[in-house]
Amino acid sequence: MSEQTTTDLRETVRQRYAAAAVKVTEGRTACCGPEPVEIDDNFGSALYAADERDALPAEAVAASLGCGNPTAVAELREGERVLDLGSGGGIDVLLSAHRVGPTGQAYGLDMTEEMLALALANAAKAGATNVEFLKGAIEAVPLPANTIDVVISNCVINLSVDKPAVFAETFRVLKPGGRIGVSDVVADDALTPDQRAERGDYAGCIAGALSFAEYRAGLETAGFTDIVITPTRQVADGMQSAIVRAIKPTTATGPGASATDDSCCDVTACCTPAEQATDPSVTVSEAKSAAGCGCQG
């Protein structure tokens, strides 16, 4: 994939989800609240239980564009730190925050300003105090290594133009023994990339989907073990919504492994206000650049 194609696809995705956020934000009516973003039965808020939807701000529900409910499969526990990749309007972050309780923390990462603004407003309406929304790309997570217990995502990894980077960054931020619980669209192994593109566009979560074998191989290359990919329903011919689970080993050796809890890329306290280069003769930016760090921010 050329650099121009990569840039164009990323911008197409950004524009589509920015427009969805604006629609929800501006779509309030006096009596009934915002209208949900138009989408078919395979995606959206209908995939959540009624009691979950009823407990959240209407705008968070209306902005739901995922293909599953990752919080229902991630087995979240009190006190855990959870990261949602591509958090959108915040529905999964808010549900996660409730599940991990006041001693836990739920982070949402999104690249779209409009979605982040909507998510912050939804968190305020929900009175959630154990949430934090971060601006950034899922290919370069702005959090230190080995600090997250669970990574979730809802139909977003298929939108990435650099999925190996997503898997590597997910592995890096997870603590040893940490896990992923992801909902995503996955293609049957028999389908070629061209055949996937015939079934739907990139921003619509179809053309960019990995096959089952490709998904497993990507996670294995990043260092994950105990990988289980379970299809749940068909969203297009040969394309399945699936639940993806995997674990970062307690003795991690993959490319995203880090020697200490607070360092990465020759920088201590990486991607925090306290970060410093381990070599005092160079700047933080120089250290990260030399190490090829995914967290350049």
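Residues numbered from 1 in each chain as written. Predicted model: local features only at pLDDT ≥ 70, side-chain atom pairs only at ≥ 80, totals over all residues. Heavy atoms only, no water.

### Considering the overall build of the protein chain
Scanning the protein chain for helices and strands turns up nine helices and 10 strands. The buried share of the protein chain, taken over its 297 residues, is 54%. Looking at the protein chain alone, contacts between residues at least 24 apart form 68% of all its contacts between residues at least 6 apart. Total accessible area on the protein chain stands at roughly 13000 Å², and carbon and sulfur atoms take up 52% of it. (Helix = DSSP H or I, 4+ residues; strand = E, 2+ residues; numbered from the N terminus. Buried < 20%, exposed > 50% of the residue type's maximum accessible area, 1.4 Å probe, protein only. Contact = heavy atoms within 4.5 Å. Areas by Shrake-Rupley, 256 points an atom, 1.4 Å probe, with all protein chains shown as cover.)

### Digging into the confidence of the model for the protein chain
On average, residues of the protein chain carry a pLDDT of 79, and 64% of them reach 70 or more. Mean pLDDT across the elements of the protein chain bottoms out in strand S8 (residues 263-264) (52) and peaks in helix H8 (residues 212-222) (97). Under a pLDDT of 50 for its full length, residues 29-34 has, in the predicted model, eight contacts with residues more than four places off or in other chains. (pLDDT = per-residue confidence, 0-100.)

### Brief notes about the environment of Thr 112
In this structure, Thr 112 sits in the loop between strand S2 (105-110) and helix H5 (113-126). For Thr 112, a relative accessible area of 2% puts it in the buried group. In the structure, Thr 112 is positioned 24 residues away from Gly 88 in sequence and 7.9 Å away in space, judged by C-alpha atoms.

### Regarding the packing of helix H6 (residues 163-173) against H8
Contact pair H6 / H8: the axes reach a minimum separation of 9 Å and the direction vectors enclose 45°. Relative to H8, H6 is oriented oblique. Helix-helix and strand crossings are classified by hand; for H6 and H8 the assignment is right-handed. Contact with H6, carried on its side by Phe 167, Ala 168 and Phe 171, involves Tyr 215, Gly 218, Leu 219 and Ala 222 of H8 and no other residues of that element. For the contact of H6 with H8, the per-class residue count stands at six nonpolar, one polar and no charged. (Axes fitted to C-alpha atoms, helices over the stretch in contact; angles between N-to-C directions. Parallel < 35°, antiparallel > 145°, perpendicular 65-115°, else oblique. Left-handed = near helix turned anticlockwise from the far one by under 90°. Nonpolar A, V, L, I, M, F, W, Y, C, P; charged D, E, K, R; others polar.)

### So, the pattern of salt bridges
According to the stated counting rule, one finds seven salt bridges in the structure shown. Linking Lys 135 and Glu 113 is a salt bridge whose minimum nitrogen-to-oxygen distance equals 2.7 Å. Of this pair, Lys 135 sits in strand S3 (residues 131-135) while Glu 113 sits in helix H5; the two residues are 22 residues apart in sequence, bridging distant segments of the chain. It is possible to trace a salt-bridge network through shared partners that takes in Arg 77, Glu 80 and Arg 179. (Salt bridge = Lys/Arg side-chain N within 4 Å of Asp/Glu carboxyl O.)

### Overview of the pairing of strand S1 (residues 81-85)
Most of S1 is tucked away: four of the five residues are buried. Here five bridges tie S1 to S2, and the two strands are oriented parallel to one another. When the sheet's bridge partners are listed, Asp 84 is paired in S2 with Gly 108. Since S1 and S2 lie parallel, the crossover through helix H4 (residues 91-100) that links them has a hand, and here it is right-handed. Bridge count for S1 against strand S4 (residues 148-154) is four bridges, and the pairing is parallel. Paired with Leu 85 across the bridge in S4 is Ser 153. (Pairing = 2+ DSSP bridges. Right-handed = clockwise from strand over helix to strand, strands pointing away.)

### Here's the deal with the nonpolar core
Within the largest apolar cluster, 31 residues are counted, with the highest numbers of intra-cluster contacts made by Leu 83, Ile 180, Tyr 215, Leu 219 and Phe 224. Contacts of Leu 83, omitting those with residues within four sequence positions, involve Tyr 107, Leu 109, Val 141, Leu 143, Ile 148, Val 150, Val 151, Ile 152 and Val 173. The next biggest cluster of nonpolar side chains, apart from the first, holds 11 residues, and it includes Leu 159, Leu 191, Val 235 and Met 239. (Core = buried A, V, L, I, M, F, W, Y, C linked by side-chain atoms within 4.5 Å.)

### Considerations on unusual backbone geometry
With a phi close to 55°, Glu 75 is a non-glycine residue in the positive phi region. Assignment of secondary structure puts Glu 75 in the loop between helix H3 (58-62) and S1. Accessibility expressed as a relative area gives 54% for Glu 75, which makes it exposed. The residue Asp 226 is not glycine, and still its phi comes out positive at about 50°. As for its position among the elements, Asp 226 is in strand S6 (residues 225-236).

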